[in-house]
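# Descriptive analysis of the structure
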Amino acid sequence: MEEELWEACFDGKVEEVRKLLQNEQINTNWQDPENSTTPFYNACLYGNIEIVKLLLNHQRLDINKADNDGFTPTYIACQNGHIEIVKLLLNDNRVDISKANKNDATPFYIACEKGHLEIVKLLNDHRVNIIKTMKNGATPFFIVCQKGYIEIVKLLLNDKRIDINQETNDATPFYIACQNGHIEIVKYMLACGREIDINKKFNNTKTPLDISKERSAGLKFRNQTEKQFQKAKRNCPKIVELIESFQRNPIETREKLRKELGLSGKNFLLTCLFIIC
């Protein structure tokens, strides 16, 4: 009977799930022997919101039960961008919204990694832990700088809980944005007015300016697609100009960037600017 429920949730068969749940003896937390996923996990994975609602009404449901890798139903809904399901889960006081997987990745981290802006906003509004690092040291802010998700970067830059200089594998978020040619992120980081270390070396060898010059000259990484390579090659010369301008006159460069980005007169962390040399 439990396996039938698991399969019905997997296949999205709402009426069959409704019928099976009428049996008060059914174990809604049954896990498949291979991956330890539950019926509720399946519903969240495939975005079956009506089945999610049915299961949430079952009092014995373990809403946080994870699979073999530590992925909870909340994590998997955030990973797959199922925003309406995420809203339901956030309104249920049984949910552990910050429960991490075996690599210490939280639902907030995976929403950032996948670029699901609206889910990131929802989680942030619920004041979840947005600074928890993975076992490899990666932070949500670093991953969005690496991926180039500018709207999430802008959101997190305005949150004082974020350490914008925190390193992952010895690289700062600013360094990785420069390396990957994400010029809009570079502009916002220079314009935001927060303390930023633009000279921090990666592995005690290269600064963001150094890597930007190398990428401008055609440096290509093995794991890069041709599209990513061309983007970096196109944008890194402009990043070199920005960094050199910022080093010469940070106040003037910041103000020019603020005007270009439409930030003049807005409360975008108008704080004192520091350069760490």
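Since this is a predicted model, take the numbers as computed values, not measurements.

How each quantity is defined
- Residues numbered from 1 in each chain as written.
- Predicted model: local features only at pLDDT ≥ 70, side-chain atom pairs only at ≥ 80, totals over all residues.
- Heavy atoms only, no water.
- Helix = DSSP H or I, 4+ residues; strand = E, 2+ residues; numbered from the N terminus.
- Buried < 20%, exposed > 50% of the residue type's maximum accessible area, 1.4 Å probe, protein only.
- Contact = heavy atoms within 4.5 Å.
- Lys, Arg positive; Asp, Glu negative; His and termini not counted.
- Charge placed at Lys NZ, Arg CZ, Asp CG, Glu CD.
- Core = buried A, V, L, I, M, F, W, Y, C linked by side-chain atoms within 4.5 Å.
- Salt bridge = Lys/Arg side-chain N within 4 Å of Asp/Glu carboxyl O.
- Disulfide = S-S within 2.5 Å.
- Patch = residues over 30% accessible without salt bridge, like charges linked within 9 Å, V, L, I, M, F, W, Y side chains within 5 Å.
- Areas by Shrake-Rupley, 256 points an atom, 1.4 Å probe, with all protein chains shown as cover.

From N to C terminus, the chain includes 15 helices and zero strands. Along the longest, intermediate and shortest principal axes, the C-alpha atoms of the chain span 75 × 40 × 25 Å. The buried share of the chain, reckoned over its 277 residues, is 49%. The long-range share in the chain, meaning contacts at least 24 apart out of those at least 6 apart in sequence, stands at 71%. Once the 39 positive and 37 negative side-chain charges of the chain are each reduced to a mean point, those two points are 8 Å apart.

Taken as a whole, helix α4 (residues 49-56) has its buried residues at I51, V52, L54, L55 and L56. Elements in contact with the buried residues of α4: α1 (2-11), α2 (14-20), α3 (39-45) and α6 (83-90).

Here the focus is the nonpolar core. Membership of the largest hydrophobic core comes to 80 residues, with the highest contact counts inside it found for F40, L123, F141, F174 and M189. Here this core gets seven residues from one element, more than from any other, and that element is helix α12 (residues 183-191). Every residue in contact with M189, bar those within four places of it in the chain, is listed here: F141, C145, L157, I164, P173, F174 and I196.

We now examine the pattern of salt bridges. This model, assessed by the stated rule, comprises 15 salt bridges. The partner of E226 in a salt bridge is K220, with the nearest N and O atoms 2.9 Å apart. Linking K256 and E252 is a salt bridge whose minimum nitrogen-to-oxygen distance equals 3.1 Å. Of the two residues, K256 and E252 both sit in helix α15 (residues 250-260), four residues apart, roughly one turn of that helix.

Before going further, it helps to spend a moment on the state of the cysteines. In this structure the tally under the stated criterion is zero disulfides. Cysteine C178 remains unbridged, with the sulfur of C236 as its closest cysteine sulfur at 7.4 Å. On the basis of relative accessible area, C178 is assigned to the buried category, the value being 0%. There is no disulfide at C192, and the cysteine sulfur nearest it, in C145, is 10 Å away.

With that settled, the discussion passes to the environment of G148. Within the secondary structure, G148 sits in the loop between α9 (140-147) and α10 (150-157). For G148, a relative accessible area of 26% corresponds to the partly exposed category. Linking G148 and G115, residues 33 residues apart in sequence, is a C-alpha distance of 8.9 Å.

What follows covers a negative patch on the surface. Taken together, the side chains of E3, E4, E7, D11 and E16 present a region of like negative charge at the surface. No other element matches the four residues that α1 contributes to the negative patch. Mapped onto the secondary structure, E16 falls in helix α2. Given the relative accessible area of 34%, E16 is considered partly exposed.

What is shown is where atoms sit, not what they do.
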